[in-house]
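Observations on the model geometry
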Amino acid sequence: MNLNTHIRNAKAELTKVIFPTKGQVKQAYISVIIVVTVIAAFLALVDLLMSSVMSAILG
């Protein structure tokens, strides 16, 4: 297969790609921010709890 055929096939495949709309990107972005915030809050709470437990045990 030569380079021209490869490029032609790549262009043909790119026409089949469905890119997300701005609304879909915005919705996914907001979802990611919410999930990351919830997980960070949960881990902070677990860290605080474990820190309190360790402080009570050790000191």
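Calculation rules
- Residues numbered from 1 in each chain as written.
- Predicted model: local features only at pLDDT ≥ 70, side-chain atom pairs only at ≥ 80, totals over all residues.
- Heavy atoms only, no water.
- Helix = DSSP H or I, 4+ residues; strand = E, 2+ residues; numbered from the N terminus.
- Rg over C-alpha atoms; globule rule 2.2 N^0.38 Å.
- Buried < 20%, exposed > 50% of the residue type's maximum accessible area, 1.4 Å probe, protein only.
- Salt bridge = Lys/Arg side-chain N within 4 Å of Asp/Glu carboxyl O.
- Patch = residues over 30% accessible without salt bridge, like charges linked within 9 Å, V, L, I, M, F, W, Y side chains within 5 Å.
- Areas by Shrake-Rupley, 256 points an atom, 1.4 Å probe, with all protein chains shown as cover.
- Polar contact = N/O pair within 3.5 Å; in protein donor to acceptor, adjacent residues only side chain to side chain.

**What to know about the overall build of the chain**
From N to C terminus, the chain includes two helices and zero strands. What you see for the chain is a C-alpha radius of gyration of 25 Å, clearly larger than the 10 Å of a compact globule of 59 residues, by over 25%. When the backbone C-alpha atoms are referred to their principal axes, the chain occupies close to 75 × 30 × 10 Å. Expressed as a percentage of its 59 residues, the buried residues of the chain come to 0%.

**Some words on the pattern of salt bridges**
One side chain can pair with another of opposite charge once the charged atoms of both are near each other. Counting across every chain of the model gives one salt bridge. Salt-bridge contacts for Glu13 lead to Lys16; the nearest nitrogen and oxygen are separated by 3.2 Å. Looking at Lys16, the relative accessible area reads 58%, which means it is exposed.

**Side note on a nonpolar patch on the surface**
Taken together, the side chains of Val35, Ile39, Phe42, Leu43, Val46 and Met50 present a nonpolar region at the surface, about 560 Å² in accessible area. Tracing the backbone shows Val35 in helix H2 (residues 22-58).

**As for the environment of Gln24**
Assignment of secondary structure puts Gln24 in helix H2. Within the local environment of Gln24, its side chain forms a polar contact with the backbone nitrogen of Thr21, the two atoms lying 2.9 Å apart.

**Brief notes about the environment of Ser51**
Here Ser51 lies in helix H2. When its relative accessible area of 40% is taken as the criterion, Ser51 is described as partly exposed.

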